Amino acid sequence: MKNLKLVFWVFVIWLIETVFLRFVKIGGIAPDLSYMFILCLAYREREPKIYISAAVLCGILAETTGHQCVGFQLILFVCSVFLVVMLGELIYRNFFVLIMPIAGVFSFISNSLYFALNSGIMNELTYVEALKNIILPVTFYNIAVAAAVLFLLDISVYRGKKSFGR
């Protein structure tokens, strides 16, 4: 039943990102829902096959949205899942708000990497301008989205589970 709920989650997030994203934007900035979902799932899930499969599926779906760097989203999602799980092994994870710094750091790094890989396309935009106008607003938006997604995951998929993590 949990797998069916997670597939439904992936479908809804994909639908929101592909159809309704223009309604979710604030000041021209949209969150990366599928990336935040994957981070929250890796933070919460105990079964490696579930969070790895979800990361691959969401990475492939994110690749279909027309990003400039082919393969970037898929690699980013899978690597991020492993890093979140490794962090979870090092840090006591029975704390809901820990997803916020995780989402912030991962979002900041991923958007900075994406800018660096696409800097040839964005000739007129410097890193400082991108940091101020794109990277930091997206990071803060993603932090709020990650907290909401983790909360919604807890009440929909992980209802009745008392503790986080491993």
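The rules behind these values
- Residues numbered from 1 in each chain as written.
- Predicted model: local features only at pLDDT ≥ 70, side-chain atom pairs only at ≥ 80, totals over all residues.
- Heavy atoms only, no water.
- Core = buried A, V, L, I, M, F, W, Y, C linked by side-chain atoms within 4.5 Å.
- Buried < 20%, exposed > 50% of the residue type's maximum accessible area, 1.4 Å probe, protein only.
- Helix = DSSP H or I, 4+ residues; strand = E, 2+ residues; numbered from the N terminus.
- Contact = heavy atoms within 4.5 Å.
- Salt bridge = Lys/Arg side-chain N within 4 Å of Asp/Glu carboxyl O.
- Patch = residues over 30% accessible without salt bridge, like charges linked within 9 Å, V, L, I, M, F, W, Y side chains within 5 Å.
- Areas by Shrake-Rupley, 256 points an atom, 1.4 Å probe, with all protein chains shown as cover.
- Axes fitted to C-alpha atoms, helices over the stretch in contact; angles between N-to-C directions.
- Parallel < 35°, antiparallel > 145°, perpendicular 65-115°, else oblique.
- Nonpolar A, V, L, I, M, F, W, Y, C, P; charged D, E, K, R; others polar.
- Left-handed = near helix turned anticlockwise from the far one by under 90°.
- pLDDT = per-residue confidence, 0-100.
- Expected span 1.5 Å × (residues − 1).
- Arc of directions from axis to C-beta.

Chemist: What is the right way to read the nonpolar core from this model?
Modeler: In terms of nonpolar packing, the biggest core is built from 42 residues, with Phe37, Ile38, Phe77 and Leu153 touching the most fellow members. Going through the elements one at a time, α1 (2-19), α3 (33-44), α4 (48-63), α5 (72-90), α6 (99-117) and α7 (127-156) are the ones with two or more residues in this core. Here this core gets 10 residues from one element, more than from any other, and that element is α3. Apart from the residues within four sequence positions on either side, Leu153 is in contact with Leu6, Trp9, Phe37, Cys40, Leu41 and Tyr158.

Chemist: Please clarify how the pattern of salt bridges should be interpreted in this entry.
Modeler: Think of it this way: side chains of opposite charge can pair up when their charged atoms draw near. The full count for this structure, using the stated rule, is 2 salt bridges. With a closest N to O distance of 3.0 Å, Glu45 and Lys2 form a salt bridge. Separated by 43 residues along the polypeptide, Glu45 in the loop between α3 and α4 and Lys2 in helix α1 bring together distant segments of the chain. Overall, Glu45 belongs to the buried group, its relative accessible area being 1%.

Chemist: How should I be thinking about a nonpolar patch on the surface in this particular structure?
Modeler: A grouping of Val19, Phe20 and Phe23 is seen on the molecular surface, where their side chains present a nonpolar patch of about 300 Å² in accessible area. Tracing the chain through its elements places Phe23 in helix α2 (residues 21-24).

Chemist: Looking at this structure, how should I read the packing of α3 against α4?
Modeler: Relative to each other, α3 and α4 sit at 175°, their axes nearing to 10 Å. With respect to α4, the axis of α3 lies roughly antiparallel. Across the interface between the two elements, Ser34, Phe37, Ile38, Leu41 and Ala42 of α3 pack against Ile50, Tyr51, Ala54, Ala55, Cys58 and Ala62 of α4. Its residues placed into classes, the contact of α3 with α4 shows 10 nonpolar, 1 polar and no charged.

Chemist: Looking at this structure, I do not really get the packing of α5 against α6. What am I missing?
Modeler: The description of two packed helices rests on the angle between their axes and on the distance between the axes. Close contact between α5 and α6 brings their axes to 12 Å; oriented N to C, the two are set at 150°. One element, α5, and the other, α6, form an angle in the roughly antiparallel class. Between α5 and α6 the crossing geometry is right-handed. Taking contact as the criterion, the partners of Phe72, Leu76, Ser80, Leu83, Val84 and Leu87 in α5 are, on α6, Ile102, Phe106, Ser110, Leu113, Tyr114 and Leu117. When the residues that make up the contact of α5 with α6 are grouped by side-chain class, the tally is 10 nonpolar, 2 polar and no charged.

Chemist: What's the story with the environment of Ile102 in this structure? I'm lost.
Modeler: Structurally, the position occupied by Ile102 is in helix α6. In this structure the C-alpha to C-alpha distance between Ile102 and Val84, which are 18 residues apart in sequence, comes to 7.7 Å. Those residues in contact with Ile102 that sit more than four places away from it in its chain are Tyr43 and Val84.

Chemist: It is not clear to me how the confidence of the model for the protein chain should be interpreted in this structure. Could you clarify?
Modeler: Atomic detail in the predicted coordinates should be set aside for any region of low pLDDT. Put simply, the protein chain has an average pLDDT of 86, and 89% of its residues get 70 or more. Mean pLDDT across the elements of the protein chain bottoms out in α2 (81) and peaks in α3 (93).

Chemist: Which parts of the structure should I look at to understand α1?
Modeler: Helical periodicity: at 3.6 residues per turn, an α-helix aligns residues three or four positions apart in one direction. Along its 18 residues, α1 runs 25 Å from first to last C-alpha, staying within 8% of the 26 Å computed at 1.5 Å per residue. For α1, the full list of buried residues reads Leu6, Trp9, Val10, Ile13 and Glu17. Projected onto a plane normal to the axis of α1, the buried residues spread over an arc of 95° and lie on a single side. Turned more than 90 degrees from where α1 packs its buried face, Leu4, Val7 and Phe8 sit exposed. Packing partners of the buried residues in α1 comprise α2, α3, α4 and α7.

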